Amino acid sequence: MNLPRIPLALLLLGAATLAGAQARTRYELNEGRVHFTVPPDWAAIMEKTEGNPQLVVFRVPDASAEGSQDMASVTVKTQLLRGQATFGALVQEEFELSKQQTGYERDAAAAGENVHQYFVQRGPTRYRVHDRFRETGGVWVHIRCQRPLLDTTPAAWTQAFDAACQQVIGSTGGGA
């Protein structure tokens, strides 16, 4: 047995595992009832895939926020419904929680029955938050896309973020 090869093999195995984790784009929650895809450069920073509710939070790369506490993120959260009335109650609960955040201001530009877009203040930074709600197979699905509004953020990055968020929403079957 050649001992110098073992550390090299372990290093290569670790790198391959890390590369595979970074390239993960397909996710599912609630035992496969909810499927969605994300861009390969998004890192899952939190996953709760057992129990009720379930969620995955993604950190979206944003060069403008590097070195600060600001972070663009997308969250997909699910909860098993106990009947049709539960969907509306969960949506209303999220609306009310949003309104309690510091600096809450509704953005009428993207209003709808199951859409809530608004601005909040997180520390010194204002954020734009886009919430979309839907039901699939007896599961309530909440997709939250939030990004800091920084002067240094290029318009192209903002457009790419918004487009990617809409693709995640569409991949759950929730329309773009």
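Please read all numbers here as calculations on a predicted model, not as lab measurements.

1. Observations concerning the nonpolar core
Thought 1: Grouped together as the largest cluster of nonpolar side chains are 22 residues, with contacts concentrated most on Phe36, Trp42 and Ile143.
Thought 2: Mapped onto this core, the elements with two or more residues apiece are strand E1 (26-29), strand E2 (34-37), strand E4 (54-60), strand E5 (72-80), strand E9 (139-148) and helix H3 (155-171).
Thought 3: The element contributing the most residues to this core is H3, with six residues.
Thought 4: With residues up to four places along the chain from it excluded, the contact list for Ile143 reads Val74, Thr75, Val76, His130, Asp131, Arg132, Val168, Ile169 and Thr172.
Thought 5: Among the nonpolar cores identified, the runner-up in size contains seven residues, and Phe87, Leu90, Phe133 and Trp140 belong to it.

2. Details of helix H2 (residues 84-99)
Thought 1: Between the first and last C-alpha of H2 there are 24 Å, a value that for 16 residues agrees with the 22 Å anticipated at 1.5 Å per step.
Thought 2: Buried positions along H2 lie against E5, strand E7 (115-122), strand E8 (125-136) and E9.

3. Let's talk about the pattern of salt bridges
Thought 1: Counted under the stated rule, the structure contains eight salt bridges.
Thought 2: Measuring nitrogen to oxygen at the nearest pair gives 3.6 Å for the salt bridge that ties Glu47 to Arg24. A residue pair is termed long-range when its members are at least 10 positions apart, and Glu47 in strand E3 (residues 43-48) and Arg24 in the loop between helix H1 (5-22) and E1 qualify at 23 residues.
Thought 3: The class of Arg24 is partly exposed, set by a relative accessible area of 35%.
Thought 4: Between Lys99 and Glu96 there is a salt bridge, and its shortest N-O distance comes to 3.6 Å. Taken as a pair, Lys99 and Glu96 lie in helix H2 at a separation of three residues, close to a single helical turn.
Thought 5: Its relative accessible area of 41% is what places Lys99 among the partly exposed residues.

4. A closer look at the sheet that holds E5
Thought 1: Reading across the sheet, the seven strands line up as E3-E4-E5-E9-E8-E7-E6 and stay open at both edges, with antiparallel pairing between neighbours. Every other strand in the sheet has two partners, leaving E3 and strand E6 (105-106) as the edge strands with one partner each.
Thought 2: Pairing between E3 and E4: five bridges, direction antiparallel. Within E4, the position partnered with Met46 by the bridge is Val57.
Thought 3: Along the sheet, H3 contacts E4, E5, E8 and E9; its crossing angle with E9, the most-contacted strand, is approximately 175 degrees.

5. Re the confidence of the model for the protein
Thought 1: Taken residue by residue, the protein gives an average pLDDT of 87. The fraction at 70 or more is 85%.
Thought 2: Counting interchain partners and residues more than four positions distant, the pLDDT-below-50 stretch residues 1-21 has one contact.

6. As for H3
Thought 1: Spanning 17 residues, H3 covers 24 Å between terminal C-alpha atoms, matching the ideal 24 Å at 1.5 Å per step.
Thought 2: For H3, every residue scored as buried is listed here: Trp157, Thr158, Phe161, Ala164, Cys165, Val168 and Ile169. Buried residues along H3 cover an arc of 145 degrees about the axis, so they all sit on one side. Facing away from the buried side of H3 by more than 90 degrees, the exposed set consists of Ala155, Ala156, Gln159 and Gln167.
Thought 3: Elements in contact with the buried residues of H3: E2, E4, E5, E8 and E9.
Thought 4: After H3 finishes, the residue Gly173 shows a positive phi value of roughly 90 degrees.

Cut-offs and rules
- Residues numbered from 1 in each chain as written.
- Predicted model: local features only at pLDDT ≥ 70, side-chain atom pairs only at ≥ 80, totals over all residues.
- Heavy atoms only, no water.
- Core = buried A, V, L, I, M, F, W, Y, C linked by side-chain atoms within 4.5 Å.
- Buried < 20%, exposed > 50% of the residue type's maximum accessible area, 1.4 Å probe, protein only.
- Helix = DSSP H or I, 4+ residues; strand = E, 2+ residues; numbered from the N terminus.
- Contact = heavy atoms within 4.5 Å.
- Expected span 1.5 Å × (residues − 1).
- Salt bridge = Lys/Arg side-chain N within 4 Å of Asp/Glu carboxyl O.
- Pairing = 2+ DSSP bridges.
- Axes fitted to C-alpha atoms, helices over the stretch in contact; angles between N-to-C directions.
- pLDDT = per-residue confidence, 0-100.
- Arc of directions from axis to C-beta.

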